[in-house]
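Chain by chain, the residues run as shown.
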Amino acid sequence: MSTITTDDVQHLAQLSNLLLSDEEVSSLRDDLGEILEYIDQLAELDTTGVEPTYQVSGLDNVWRSDEVQQDPATRELLLSLAPDKAENQVKVPKVL
Amino acid sequence: MGHVLKIAENVLSGSSSARAEVEKALLGAKSNEQYHALLSLTEERALKRADEIDAKIKTDGFQGKLAGVPFVVKDNYLAFGAPTTAASKILENFNAPLQSTVVEKLESEGAICIGKSNLDAFAHGGSTENSAYGPTFNAYDMTKVAGGSSGGSAVVTALDIVPFALGTDTGGSIRQPASFNGVFGMKPTYGMSSRFGVVAMASSTDVMGCFTKSVDDAELVLSIMSGRDEKDMTTLPDFFDIETDAPQSLKIGLVQEAMGDDVDTEVRSAVEKYAERLRDKGHTVNLVSMPVSKYALAMYYIIVPAEVSSNLARYDGIRYGRRTSQASSLAEVYGRSRDEGFVPENKRRIMIGSYVLSSGYFDAYYLQAQKAQTLLINEFNNLFADYDFLLLPTAPTPAFGIGENTSDPVKMYLADIMTVPASLAGIPALSVPAGTTESGLPIGAQIVGPMRSDAIILALAKSMEEN
């Protein structure tokens, strides 16, 4: 069903937001090819008319009351985790 | 009486103290560093909590069921006292702003976390060799793997550093290392315990469980860990209650496909011996067939990577975790932080996940896997109409050598072949020590039951322990 090419790997890397080196692309191409070859056998199973499984617990929508609940993690605590910050905000490189 | 129960009893009665127990555990941890089972010790906080608990016992009559019991937490559970790294570089210095529900519950009964254990990075692996900080070595033979992904927790339990340790099981990550290290490892029913505050791998199969050296310890720990949590809407209404009576005249199915020639001879023989012991106790053990289960690994390595690709998208170097210093644009912040912060196995799974979910491949892979999952669940249900439990090995081999499977991703995945079916069905499974190989490596047998049968599985294992 699938042979994976270097272009495929580059495309997947882009979808996954991974900036890979050339060696990584090459080694991943081999690994992914091997993995896909294994999972391809799933095509042997006849699933005509079978419903997909979306969840196993059998729970329906679980509701809670629409009330604000104080989080244990405060703003200060969360901000302290940011790699770069300024003026009480997380600092990031320019987007545009 | 199990170690956990004994320690709590001693601490509450005054014949020991929380401080003494914690100091002993820390000493044990420091004398066994060569196994590399722990990534960090939460020493300062542990000693402080020990003193607090000792004081509470004296002045407030504190009666916590786990008073003063030291334990270890797999480093993908958020906890205080040391960074929570998930054995990844991308979370190298991440100080959790909150604790996971399970850790909170155990602490409220007086248990004391003494350290965070090693795992495959983000729990991606079956040997703990994918840790960004180096592997953990098997408690019985340091040339062998600890198993994974909860290798560290299995080893600290096997070495008696602590009487119980926490693990997570998405496809076998508690059961398989339990099997490799000769301890009990429980994968509960999906939804029995809260996933809140645990680094998510595959949200539809991740479960929280534990390692112990005796079943009654597992029963006690699980009874405290479990329960509906408002913060995790996939938790089931409370159902776990320790079963005090030994189950009688059970009908058990020995899974034929898991006992074939491709399974290690000594593993098969250990499981056959366990089946004989079950028969001696008055239970019936017959061979049963599960033809769909041979596709479970393929289903697993479609569904789980798909969820992984989504769950690991949050590690972007922006709000927390490691941000690359090499970026000249926002896209590079994402791309480089992730490339630098993830190990190769993380990248394999993220990319397989993206592949099977991408347009043009979704139907053939992800949708097909979800349908196949239905067939697998039906296969289990049909068997459970006639059988109380299923029996099979936990893994096809005992612990393999360090480096033996690392160059071959699929070979590594095949170590999970006997554990993934229960994960995909959300049903409980316990790995019990069932003997050793001639060279002294532990072998585990696996008891699998229908949803919510956790307490009876444990009761059965307990009745088999007493000899």
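As a reminder, the structure under discussion sits directly above these lines.
Residues numbered from 1 in each chain as written. Chains lettered and ligands numbered in written order. Predicted model: local features only at pLDDT ≥ 70, side-chain atom pairs only at ≥ 80, totals over all residues. Heavy atoms only, no water.

Peer 1: Looking at this structure, how should I read the overall build of chain B?
Peer 2: The helix and strand tally for chain B stands at 15 helices and 11 strands. For the C-alpha atoms alone, the extent of chain B along its principal axes is close to 70 × 60 × 45 Å. Counting all 467 residues of chain B, 66% fall into the buried class. If you take every contact in chain B between residues at least 6 apart in sequence, the share linking residues at least 24 apart comes to 75%. Counting only carbon and sulfur atoms, one obtains 49% of the accessible surface of chain B, whose full area is about 15,400 Å². Chain B carries 41 positive and 56 negative side-chain charges, and their two centres are separated by 4 Å. (Helix = DSSP H or I, 4+ residues; strand = E, 2+ residues; numbered from the N terminus. Buried < 20%, exposed > 50% of the residue type's maximum accessible area, 1.4 Å probe, protein only. Contact = heavy atoms within 4.5 Å. Areas by Shrake-Rupley, 256 points an atom, 1.4 Å probe, with all protein chains shown as cover. Lys, Arg positive; Asp, Glu negative; His and termini not counted. Charge placed at Lys NZ, Arg CZ, Asp CG, Glu CD.)

Peer 1: I'm lost on the sheet that holds strand β7 (residues 251–255) of chain B in this one. Help?
Peer 2: Think of a sheet as strands paired side by side through backbone hydrogen bonds, with each pair either parallel or antiparallel. Residue and element names in this part refer to chain B. Across the sheet, which stays open at both edges, the 11 strands sit in the order β1-β3-β2-β4-β6-β5-β10-β11-β9-β7-β8 with mixed pairing between neighbours. The strands lining the two open edges of the sheet, one partner per strand, are β1 (38–41) and β8 (284–288). The average undirected angle you get between the axes of adjacent strands in this sheet is 30°. Relative to strand β9 (residues 389–393), β7 runs parallel, the two sharing 3 bridges. Within the sheet, the bridge partner assigned to I252 lies in β9 and is F389. Lying over the sheet, helix α3 (residues 43–60) contacts β1 and β3 (112–117), oriented at roughly 160° with respect to β3. Contacting β7, β8, β9 and β11 (442–448), helix α12 (residues 363–386) runs over the sheet at an angle of about 120° to β9. (Pairing = 2+ DSSP bridges. Axes fitted to C-alpha atoms, helices over the stretch in contact; angles between N-to-C directions.)

Peer 1: Would you take a moment to explain helix α5 (residues 151–158) of chain B for this structure?
Peer 2: One turn of an α-helix holds 3.6 residues; hence residues three or four places apart share an orientation. Residues and elements named next belong to chain B. Taking burial as the measure, the 8 residues of α5 include 8 buried ones, the bulk of the element. Of the residues making up α5, those classed as buried are G151, G152, S153, A154, V155, V156, T157 and A158. Next to the buried residues of α5 lie β1, β2 (70–74), β3, β4 (164–169), α6 (175–181) and β6 (207–212). Looking one or two residues beyond α5, the residue adopting positive phi is D160, at roughly 60°.

Peer 1: Please explain a nonpolar patch on the surface as it appears in this structure.
Peer 2: All names here are of chain A. On the surface, V90, V92, V95 and L96 cluster together to form a nonpolar patch covering roughly 410 Å² of accessible area. Note that V92 resides in the segment after β2 (89–90). A relative accessible area of 37% means that V92 is categorised as partly exposed. (Patch = residues over 30% accessible without salt bridge, like charges linked within 9 Å, V, L, I, M, F, W, Y side chains within 5 Å. Salt bridge = Lys/Arg side-chain N within 4 Å of Asp/Glu carboxyl O.)

Peer 1: What should I look at first to understand the side chain of B:T170 in this one?
Peer 2: Residues and elements named next belong to chain B. Along the chain, T170 turns up in the loop between β4 and α6. Note on T170: relative accessible area 2%, which makes it buried. Filtering out sequence-adjacent residues up to four positions away, T170 remains in contact with M201, A202, T205, D206, Y300, V304 and S423.

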